[in-house]
Each structure stands twice: as C-alpha cells, then as structure tokens.
Amino acid sequence: MAKTQIFMASTLYGTATLAAAIDTDRFGPADRRILLVSNNAATPETTLSVDEMPGFARLRDRFDEVRSWNEAICPFHPGGWSPRSDDIPMWERYVRLLWDLGDDDIELAVESIQVNPALALAQIFTGAPVDVYADGLMSYGPTRNKIDPLVGTRVRRLLHLDLVPGLTPLLLTEFDVPPEIVPTEAFVKVLGQLADTETDLADIPAIAEPALLLGQYLSALGILTAEEEEELHVRMVRGAAELGHTRVVFKPHPSAPARWSRLLEKEAEAIGVELTVLDSPVLAEVLYQRMRPALVIGCFSTGLLTASALYNLPVARTGTETLLERLAPYQNSNRVPVTIVDALLPDLMDKDAVTGRQPGMPTARLGELLVAVGFAMQPQIYPRRRTAAERYLSQHLSPHTWRYFKRRRLTALALPGALPSQLSFIPRNAAVRRVARRARSVKRTIKRTALG
C-alpha cells in the first residue's frame, strides 16, 4: 500500500525547519509528500499564506504537492475549528477524496499538536503516526493543554532546532516522546537558500552591520497596550543609540500598525539615528545573512536565539521583566520563551552584559529553572516534576529568580516560597486585592513617567 506523508506548516520558518529535516533524512521514504499550508492569521484573506511569501519557491521542491487547509475547511477558521467526534469518519473520507489520497497509509508532521489546526488534522486521521516539529522556544516549556491519549500516544518524536545547546525540551515528555535535533548546519543551509532569492528580496536595502530591531506586536496578544508597545520600540532605538549605533533597521511584525514605524522615525530623527523600516515580510534570519547586524535587539522573539546560536551575532533583550510580571494567567504559554530570553540574554541597558563581559545563566541551571516553571504552569500534566520543582525553589529562589514565579501560584501549589499559612487568607481577601491593584497601578504610572 502506498504511503503519503502530510506536512502541516503555518510559517515560512516552520517550512524551512521541515525542509532541513527532509534534507537530512529525518523522515523515511514515502510515495508522496504533501505540504499542507495553514494560514492562521486573524483575517487570512488579508495576510500572505506561507506559499505566497518571498523565498518559498526555494523550499517547494521538497514536496510533491502543496495543499491549503483553509480551502479544505472553508468557511471555518483553522485556529477555531475541529471536527465533532461523530463527524470524524465523514471528514476523513472528504479529505481523502479532496487530496486524492485513496487508501494510502498516512503519516503526519505537525506543529503545536495541542491546539488546532494540528490537533484537528491528527483527529481526522485517526491512527496515523504523528511527528511533532517545533520551530520556536515553546518546545522547551510544558504542553499547554492536556492532550487526549488517543492523540498523544501516537506522537513518535519531537523534532526541534538546537536553539539553546544543551537544553532538553519539556514538551510532550508526559507521553515519553523523545526529542530529536534537526541538524543546525542543515537548517542554516536552507536559510542560506532563502537569502539567495534575489528576485523576491530585491527591495531589502543594502545596509551593512546595522542594529536590527525585531517587532512582535505584543498588544495583539493582550500582554501590552498599543502605547506600551510603541514605547518598547522607542526604548530599543534609544538603547541602540546609547550603545553607539547610528544605523538602525526595524523589522515590524507583519500585522503591526504603520503608525508604530512613524513614531520610531520621529524618535530616530530626534536622537540623530538613521532608521530604515522594512516592509517586506522576510525572515529575520535572511536579514542576518544579508546585513550581518552589529546587534540584534528584541523582546522575546525566537529570532534572538537564532541570531545568537546559529549566526553568532550579538543580541540584547528589553521589556522581558515587564512581560514576566504581566503574563496572565501564570500558565500563559509565552512564559517559557520570555523566561529563556530573560535568563540567557543581556539587557539592552546593561552595556557590560551586551558586550559579553557578563554571561547569562548556565544552561544546566536554566534547565532546572524551566522544570520548576513548567511544573508551576501545568502541575496536572507533569506531577512527576514536583520533587524537582521543590528542590529548585528551596535552593535557588532569590531576589533575581523571583521574577519567574508568582507567590500566589506557589501558594496554590504548596511549593517553597508560598505565603505562610497564617497569611494564606490574603490572596482571597477582596480589600487586600484592591489595595494591591492600586499599588501596582501607581507603580506602573511612576515607571512610565520616569521612562518618559
């Protein structure tokens, strides 16, 4: 019987990860390989799909066909739709007919198995073996939702990039899924092919060794207000200028409003910095190869780790301490990427750290920290991690590491660092909570005034 491999991808970065895995024989032989593209943007109709982005043509030859998940489930949105249990047989027949799959044996490769659209695809092809690939820092954190064992036990391995050498992913370890590294050399080679796409990238300015700023559009996630995110970008420009950089390139998030770049242009002009705003939706890694930035600045973008680990570029972070305080609930899946960037990378305002004279947290200690954070985030999924979390908190909780935890969360889980029992009424007392909220509001107001 014929075998068909279906690779689901929603980003060019993820597609490049798959291409590198295929190039290094991380997937077995197949009679047919289908790239299933899913556009997960809030309004897919106004956003480029993966197969429409600059550079995709260089990845296309790894696959026999390209199909659209959005078209298959239209008019539903990929992020919000999954099949009803009773409808799964019907959906499998429909998809097999739509994609000419016949009775082929199916193998799946998906990202973010715990949520749709990957979860929906795995549910439709009941019994198909699944490989999960990770294209970011979230693989080092816990699985964000409890996965049905009928899906989780079918996952054979977790393919991931070695963004933090020596650090082992926590994702899917509740099913004893083994991690497997996609070779760094192969991934960098694939990215090099994207950077050589002269036709698609002709509008990228030839600026040698600028400071490169990475935007993320955090206000869309409800983590920061639009005004706070604007100020975050302004601080990036100021920080670059204070470190002596006179040429700055800003790569905004594709969905970010244009007014942000205009505000940055005003600030750059005021402090004498030459600012270029990129409109082309290219990967940051392509810019690393084209421009060789003297410094890459961001908040908690995965691009900071690829710059550091894959291209040996200087990097700096800003805003992570605020995000660690703001992320809610504690289980927010962005907590682990923010924690990694905050613990490993230098603060933009710390010149000695940015210039490499103050190293970040050792990898072994970071691994212990992430186990403790991961357990605090998902104790029901990782009950076996309690002992390790208690050990870390009892030995390493300090004024610096407190930023990665919340006392209320530790109290709820009866972990070291919790409120003393005689004070345990405080989190439940409405009057105390009102005073605390007022105090935090005043503190933020003072901080914004000082920064302004």
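The coordinates are above.
Residues numbered from 1 in each chain as written. Predicted model: local features only at pLDDT ≥ 70, side-chain atom pairs only at ≥ 80, totals over all residues. Heavy atoms only, no water.

This part is about the pairing of strand β8 (residues 211-214). Because side chains alternate across β8, one face comprises the buried residues A211 and L213, and the other comprises L212 and L214, equally buried. Bridge count for β8 against strand β9 (residues 247-251) is four bridges, and the pairing is parallel. Of the residues in β9, the one forming a bridge with L214 is K251. (Buried < 20%, exposed > 50% of the residue type's maximum accessible area, 1.4 Å probe, protein only. Helix = DSSP H or I, 4+ residues; strand = E, 2+ residues; numbered from the N terminus. Pairing = 2+ DSSP bridges.)

With that out of the way, let us pick up unusual backbone geometry. Excluding glycine, a negative phi dihedral is what most residues carry, and trans is how most peptide bonds are arranged. Geometrically, the link from C74 to P75 is a cis peptide bond, its omega value of 15 degrees lying close to zero. One can find P75 in the loop between α2 (69-73) and α3 (88-98). For the peptide bond that leads from N116 to P117, omega is 10 degrees, which places it in the cis range. For P117, the location among the structural elements is in the loop between β4 (105-110) and α4 (118-124). Even without being a glycine, D25 presents a positive backbone phi close to 60 degrees. Following the sequence through the fold, D25 ends up in the loop between α1 (12-23) and β2 (32-37).

Looking at the element boundaries, K251 is found in strand β9. E285 is the oppositely charged side chain nearest to the buried, salt-bridge-free K251, at an N-O distance of 7.5 Å. Setting aside anything within four residues of it in sequence, one finds K251 in contact with L212, L213, L214, G215, V282, L283, A284 and L287. (Lys, Arg positive; Asp, Glu negative; His and termini not counted. Salt bridge = Lys/Arg side-chain N within 4 Å of Asp/Glu carboxyl O. Contact = heavy atoms within 4.5 Å.)

Once that is clear, we can look at the packing of aromatic side chains. A full pass over the atoms with the stated rule returns 10 aromatic pairs. Arranged with centres 5.4 Å apart and planes meeting at 65 degrees, the rings of Y13 and F187 form a pair that is edge-to-face. Of the two residues, Y13 sits in helix α1 while F187 sits in helix α6 (residues 184-195), which places them 174 residues apart along the sequence. Accessibility expressed as a relative area gives 9% for Y13, which makes it buried. We classify F187 as buried; its relative accessible area is 0%. Judged by centre distance (4.5 Å) and plane angle (55 degrees), the rings of W81 and W91 are tilted. With a gap of 10 residues between them, W81 in the loop between α2 and α3 and W91 in helix α3 connect regions that are remote in the sequence. By relative accessible area, which is 10% here, W81 ends up buried. Taken together, the ring pairs in this structure connect W69, F76, W81, W91, Y94 and W99 into an aromatic cluster. Here the basic side chain of R157 rests over the ring of F27, its NZ or CZ set 5.1 Å away from the ring centre. (Phe/Tyr/Trp six-rings, centres within 6.5 Å; stacked < 30°, edge-to-face > 60°. Lys NZ or Arg CZ within 6 Å of the ring centre and 35° of its normal.)

Attention shifts here to α1. Residue pairs spaced three or four apart in an α-helix point in one direction, given the helix's 3.6 residues per turn. With 12 residues, α1 should reach 16 Å at 1.5 Å per residue; the first-to-last C-alpha distance of 16 Å fits that figure. Most of α1 is tucked away: 11 of the 12 residues are buried. Of all the positions in α1, only L12, Y13, G14, T15, A16, T17, L18, A19, A20, A21 and I22 are classed as buried. Phi turns positive one or two residues past the end of α1, at D25, with a value near 60 degrees. (Expected span 1.5 Å × (residues − 1).)

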